[in-house]
Amino acid sequence: MSATTFDAAYWSARYAAGRDQWDAGTVTEPLRAYFAQLGPADARRILIPGAGRAYEAEYLHRAGFSEVYVADIAPEALGALQQRVPDFPAEHLLLQDFFALRGPYDLIVEQTFFCALDPKLRPRYAKQCAHLLRPGGKLVGLLFEGQVGPGNEPPFGGTRKEYRRYFEPYFDFVHFDAAYNSIKPRADRELFICLQKKADVVA
Ligand SMILES: C[S@@+](CC[C@H](N)C(=O)[O-])C[C@H]1O[C@@H](n2cnc3c(N)ncnc32)[C@H](O)[C@@H]1O
């Protein structure tokens, strides 16, 4: 059973009803730019939790990264990736609750997953990311800044000050600032984050 109020049935119903406004239909520019500077493709272990239709996983897979994993509680999401990219390794499709995943990973990619969780789970999200990463591993991606959504269901926004509180116990802040290259509908509403797991942290 999911640890979230917004469980698998909730997300499956949103996919079925086409209430998937988060779906950018392609890899988003901030993440594409980040991936482009990673250097040659390698076997680092990359996790995309709450991956949805997982265009970022498709991008990394096609670029030659061989250890890309996607996790989602909604079968529709993983099914969409499998259909688009039949050679994506089936064993890298994790139909699992993020909070039940096991690591280790070198990189976790965040995009509209943190905002999809009940905000009371945010401290656990930060701890679980730290738990899943090797020391020195990174959590990289985008967080909404300010109010987004209706308030009673995802997406949920927040503030830099609030976010810092969750991540500071486990991570060094390599980058934590307004994104300059957000996709248009998210312009001026996103932080780009690159948080590195502290060497001495036990999570
Ligand atoms: C707002 S969508 C974002 C999808 C994707 N990241 C994107 O940018 O298109 C949130 C996704 O998280 C998934 N999800 C929600 N709670 C989850 C959990 N506890 N564990 C794994 N996936 C979860 C949902 O099924 C949904 O596909």
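What you see is a predicted model; the values in this text were computed from it and never measured.

Describing the sheet that holds strand S3 (residues 93-94)
Hydrogen bonding along the main chain pairs the strands of a sheet, whether they run parallel or antiparallel. Read across the sheet, seven strands follow the order S3-S2-S1-S4-S5-S7-S6 without closing on themselves; strand pairing throughout is mixed. Each edge of the open sheet carries a strand with a single partner, namely S3 and strand S6 (171-178). Most of the contacts of helix H2 (residues 29-36) go to strand S5 (residues 133-144), to which it runs at about 150°, and overall it touches strand S4 (105-110), S5 and strand S7 (190-197). In the packing of helix H6 (residues 160-167) onto the sheet, contacts are made with S5, S6 and S7, and the angle to S6 comes to roughly 165°.

Looking at the site of the ligand
The ligand sits among 17 residues. The nearest are Tyr15, Gly50, Asp72, Gln111 and Thr112. In isolation the ligand exposes 600 Å². Once the protein is present, 97% of that is buried. In terms of residue class, the shell around the ligand is made up of nine nonpolar, six polar and two charged.

Focus on the pairing of S4
In terms of residue burial, S4 counts as a mostly covered element, since five of its six residues are buried. Inspection of the sheet shows S4 paired to S5 by five bridges, in the parallel sense. Bridge pairing in S5 places Ile108 opposite Leu139. In terms of handedness, the path from S4 via helix H5 (residues 122-132) over to S5 forms a crossover that is right-handed.

Topic: the pattern of salt bridges
For the structure on display, the rule yields 15 salt bridges. Between Glu67 and Arg45 there is a salt bridge, and its shortest N-O distance comes to 4.0 Å. Linking Glu67 in the loop between helix H3 (55-63) and strand S2 (68-71) with Arg45 in the loop between H2 and strand S1 (46-49), this pair joins segments that are 22 residues apart in sequence. Residue classification places Arg45 among the partly exposed residues on the basis of a relative accessible area of 22%.

Reading the values: the criteria
- Residues numbered from 1 in each chain as written.
- Predicted model: local features only at pLDDT ≥ 70, side-chain atom pairs only at ≥ 80, totals over all residues.
- Heavy atoms only, no water.
- Pairing = 2+ DSSP bridges.
- Helix = DSSP H or I, 4+ residues; strand = E, 2+ residues; numbered from the N terminus.
- Contact = heavy atoms within 4.5 Å.
- Axes fitted to C-alpha atoms, helices over the stretch in contact; angles between N-to-C directions.
- Near = heavy atom within 4 Å.
- Areas by Shrake-Rupley, 256 points an atom, 1.4 Å probe, with all protein chains shown as cover.
- Nonpolar A, V, L, I, M, F, W, Y, C, P; charged D, E, K, R; others polar.
- Buried < 20%, exposed > 50% of the residue type's maximum accessible area, 1.4 Å probe, protein only.
- Right-handed = clockwise from strand over helix to strand, strands pointing away.
- Salt bridge = Lys/Arg side-chain N within 4 Å of Asp/Glu carboxyl O.

Read these as geometric descriptors, not functional statements.
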